[in-house]
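Structure at a glance
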Amino acid sequence: LPWAEEIRQIEFPIAEKLELDPELVRAARAAVSAMRLDGFRPGCAENPVLQKHYAAVQALALGEDKPAETVDVLQPDLQALEAKTPLFRE
């Protein structure tokens, strides 16, 4: 944690009369909208390291020789990427 004297308010200068080109604003909005992942919710992907740890703890608690295999859902879907490859080459 920082010391009390290390905490300070930072003020950023804001231009008084800032006018942006409407086309630039539209392009920026389109770029941000294109990055949205519909159906993705934070927390819907499990931490693969924690899942492996939980499987090991469960195996130890149940006296199993080997923990259950865990699936890393954060890895890319290679089959789906292969199917989309022609779209990237255009």
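Our subject in this report is the structure included herewith. (Residues numbered from 1 in each chain as written. Predicted model: local features only at pLDDT ≥ 70, side-chain atom pairs only at ≥ 80, totals over all residues. Heavy atoms only, no water.)

Comments concerning the environment of Ala 68
- Mapped onto the elements of the fold, Ala 68 is located in the loop between helix 2 (48-62) and helix 3 (78-88).
- Residues Ala 68 and Gln 58, spaced ten residues apart in sequence, show a C-alpha to C-alpha distance of 8.8 Å. (Helix = DSSP H or I, 4+ residues; strand = E, 2+ residues; numbered from the N terminus.)

A few points about the pattern of salt bridges
- Enumeration according to the criterion identifies two salt bridges in this entry.
- When the shortest N-O distance is used, the salt bridge between Glu 19 and Lys 17 registers 4.0 Å. Lys 17 carries the same exposure label as Glu 19, and that label is exposed.
- Between Glu 23 and Arg 26 there is a salt bridge, and its shortest N-O distance comes to 2.7 Å. (Salt bridge = Lys/Arg side-chain N within 4 Å of Asp/Glu carboxyl O. Buried < 20%, exposed > 50% of the residue type's maximum accessible area, 1.4 Å probe, protein only.)

Read these as layout, nothing more, since geometry by itself doesn't imply function.
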